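# Per-entry structural report
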Amino acid sequence: MADDKALTPRDDDFSAWYNEVVQRAELADHSPVRGSMVIRPWGYGIWERMQRALDDMFKATGHENAYFPLLIPMSFIEREKEHVEGFKPELAVVTHAGGKELEEPLVIRPTSETIIYSMYAKWVQSYRDLPVLMNQWANVMRWELRTRLFLRTSEFLWQEGHTAHATDAEAQEETLRMLDVYRTFMEEWIAMPVVTGLKSDSEKFAGAVRTYTCEAMMQDRRALQAGTSHNLGQNFSKQFGLTFQSEEGREEYAWNTSWGVSTRLVGGMVMTHGDDTGIVVPPRLAPAQVVVVPIYRKEEEREGVVAKAHLLRDQLVDRGVRVRVDDRDHLNPGAKFYEWERKGVPFRLEIGPRDLAKEQVVLVKRVTTEGEDRKAFLPEGQAVAELPDRLEAFQSQLLDVARARRETHSHRGVESLDELKEILDGPGGFVYTGWSGDPAVEERVKDETKATLRCIPDPDFRSEKAPTRCIGGGESKMEVMWAKAY
RNA sequence: CGGGGCGUGGCGCAGUUCGGUAGCGCGCCUGCUUUGGGAGCAGGAGGUCCCCGGUUCGAAUCCGGGCGCCCCGACCA
């Protein structure tokens, strides 16, 4: 940030651009503790919008919120073998409290499967108690070596859904249902298209039978794992004695699922829509969808335009639009324009003496496509009446652009490792190939290309023509998608 | 955990080579003039120079030790 005005352009250094834009849009800042962040009101406002939308969707699919504690007995984490192996390296552990060393160390939750299923074990006796469909909004901690605001911090905010079912089939259905909820949310709210699919064994959640993922393409063409949904099978129920008596009177282990998305989604939004001016917030997530900037020269003019600005705000609020009036007197309009553009507000309404006289406003759109006017001079009434629709159009335009970009950088039908390497070292993007299912092949591709197997795509995302050749040679059993990832 | 960079008013930095009154830009405060793309002028406030120790008449600067943060590579939502 040598210059205190312009951002590093994305093409010069995407990573530097990201770091700058997150801070200069006042989304978040580094806290004094390494790897942890402060989420500032503008960033938290976006997260709150995400939370509300997701929460509604969880409720609509029959889930209830609950809260489980931050501290988990170390022995709980150690119960499930894969789980402990996956999380041990990144655990933060409380060893002392009340001035004494604890008999058993307490882990600050990296995720809550263990504590939750141990409690479900107490609450579930009969098939009549199933399914259990809960979600919690919480903070979790994973001690990361390398951190970046929103994308990877030691502490982050998320939701984790945890369910228990009587049958495997029901658990699988739930796993896919929630994956679909995520996909819908990401597309309709963040305007961030995703590829959904199954994780390979090496990439799946520690303790899951199957992990499904939503993979989004960022503007630097790297993949961001934006959300995951796990079919946990009976792995945890067996370790925590989560059993129930079936209709037939047999004691059986319950089938579990868990699914989560985190504040990482804010980072995904930034890297999907941001430009060299700043971030772009999709209207449905924007804490302010419209900012009204009054413009005046003389004190006599001020009163009129500021009053009009507030009037316009009230009319827009009546139509369900979130509006801010920026009537700060110590900044000139240009400074305000830059600030709100940096913060990604979808529309700006300028109202000055000339507009007042003509009963019009100047409506400025944060991003435009080829041939589209950035500014519109509209009669007041028309601007107010049209803004709800214009916001929706803006929202879907963002999705269209992001989707088109992803398609441009998706490479299908790749058959050789050389070609795969060439794409990943060059333009980058999502590369679709065949795979035998052999972990050794996956490992080799990983070593040679620095890319990972992001997922085995769901039918919606598979190529028209199924690959016949495995990327490692021999016959393909399934199509897979590779990319360099965050 | 390896490599690199950096710790100096709120922020960004210069000053460190070669020790000698702690500076610049932005921001902040007051006033006036401004305000349709990052305002101008005038006045002003604000500092344990990351910490500890050493050398010296004198240390931001030299020496030793520590701490912290950021960035780049192996693990992860």
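Everything in this summary refers to the structure shown in the same document. Since the model is a prediction, treat every value here as computed from it, not as a measurement.

Leu 27, Phe 150 and Met 186 are the most contacted members of the largest nonpolar core, which has 56 residues in total. Each of two domains, domain 1 (14–273) and domain 2 (290–391), supplies a minimum of three residues to this core. Leaving out residues up to four positions away in the same chain, Phe 150 has contacts with Tyr 18, Val 22, Leu 27, Ala 28, Met 37, Ile 39, Thr 263, Arg 264, Val 266 and Gly 267.

Applying the stated rule across the entire model yields 16 aromatic pairs. When the centroid spacing of 5.6 Å and the interplanar angle of 70 degrees are considered together, the rings of Tyr 117 and Tyr 120 count as edge-to-face. Of this pair, Tyr 117 and Tyr 120 both sit in helix H5 (residues 113–123), three residues apart, roughly one helical turn. Each member of the pair, Tyr 117 together with Tyr 120, is buried. Ring plane angle 90 degrees and centroid distance 5.8 Å describe the contact between Phe 156 and Trp 158, whose orientation is recorded as edge-to-face.

Once that is clear, we can look at empty space enclosed by the protein. Within the structure shown, the criterion is met by three cavities of 30 Å³ or more. Here the largest cavity is characterised by a volume of approximately 70 Å³. Val 291, Trp 340, Glu 341, Val 345, Pro 346, Phe 347, Arg 348, Val 364, Lys 365, Arg 366 and Arg 374 are the residues that line the largest cavity. Where the lining of the largest cavity is concerned, the elements lending two or more residues are helix H10 (333–342), strand S17 (347–351) and strand S18 (360–365). Taken together, the residues of the lining of the largest cavity sort by class into six nonpolar, no polar and five charged. When its volume is computed, the second largest cavity comes out at roughly 50 Å³. For the second largest cavity, the full set of lining residues is Met 192, Pro 193, Ala 216, Met 217, Thr 272, Ala 402, Arg 405 and Arg 406.

Taken together, the five strands give an open sheet; going across it, the order is S16-S15-S17-S18-S19, and neighbouring strands pair in mixed fashion. One side of each edge strand has no neighbouring strand; the edge strands of this open sheet are strand S16 (323–325) and strand S19 (375–379). Strand-to-strand, the axes of this sheet are offset by a mean angle of 25 degrees, without reference to chain direction. In terms of strand pairing, S18 meets S19 through five bridges, oriented antiparallel. Bridge pairing in S19 links Val 362 to Phe 377. On top of the sheet, H10 reaches strand S15 (290–294), S16 and S17; it is set at about 170 degrees to S15, its chief contact.

This part is about the protein's contact with RNA strand B. Near RNA strand B, the surroundings consist of 43 residues, among which Arg 146, Arg 152, Asn 332, Arg 342 and Arg 374 are the closest. Atoms of RNA strand B within 4 Å of the protein: sugar and phosphate make up 46%, bases the balance. The contact in question runs from a phosphate oxygen of RNA strand B to an N or O atom on the side chain of Arg 297, over 2.5 Å. In this structure, Glu 350 approaches RNA strand B through a side-chain N or O atom, which is 3.2 Å from a base nitrogen. Elements with a contribution of two residues or more to the surface near RNA strand B: helix H1 (14–24), strand S11 (223–233), H10, S17 and helix H11 (353–358). If you tally residues by element for the surface near RNA strand B, the top one is H10, at seven residues.

What counts, and at which threshold
- Residues numbered from 1 in each chain as written.
- Chains lettered and ligands numbered in written order.
- Predicted model: local features only at pLDDT ≥ 70, side-chain atom pairs only at ≥ 80, totals over all residues.
- Heavy atoms only, no water.
- Core = buried A, V, L, I, M, F, W, Y, C linked by side-chain atoms within 4.5 Å.
- Buried < 20%, exposed > 50% of the residue type's maximum accessible area, 1.4 Å probe, protein only.
- Domains from an automatic or database assignment.
- Contact = heavy atoms within 4.5 Å.
- Phe/Tyr/Trp six-rings, centres within 6.5 Å; stacked < 30°, edge-to-face > 60°.
- Helix = DSSP H or I, 4+ residues; strand = E, 2+ residues; numbered from the N terminus.
- 1 Å grid on protein atoms, 1.4 Å probe; cavity = no way out; pocket = protein on both sides within 12 Å on 5 of 7 lines; lining within 4 Å.
- Points joined across faces, edges and corners; volume = space filled by probe spheres on them.
- Nonpolar A, V, L, I, M, F, W, Y, C, P; charged D, E, K, R; others polar.
- Pairing = 2+ DSSP bridges.
- Axes fitted to C-alpha atoms, helices over the stretch in contact; angles between N-to-C directions.
- Near = heavy atom within 4 Å.
- Polar contact = N/O pair within 3.5 Å; in protein donor to acceptor, adjacent residues only side chain to side chain.

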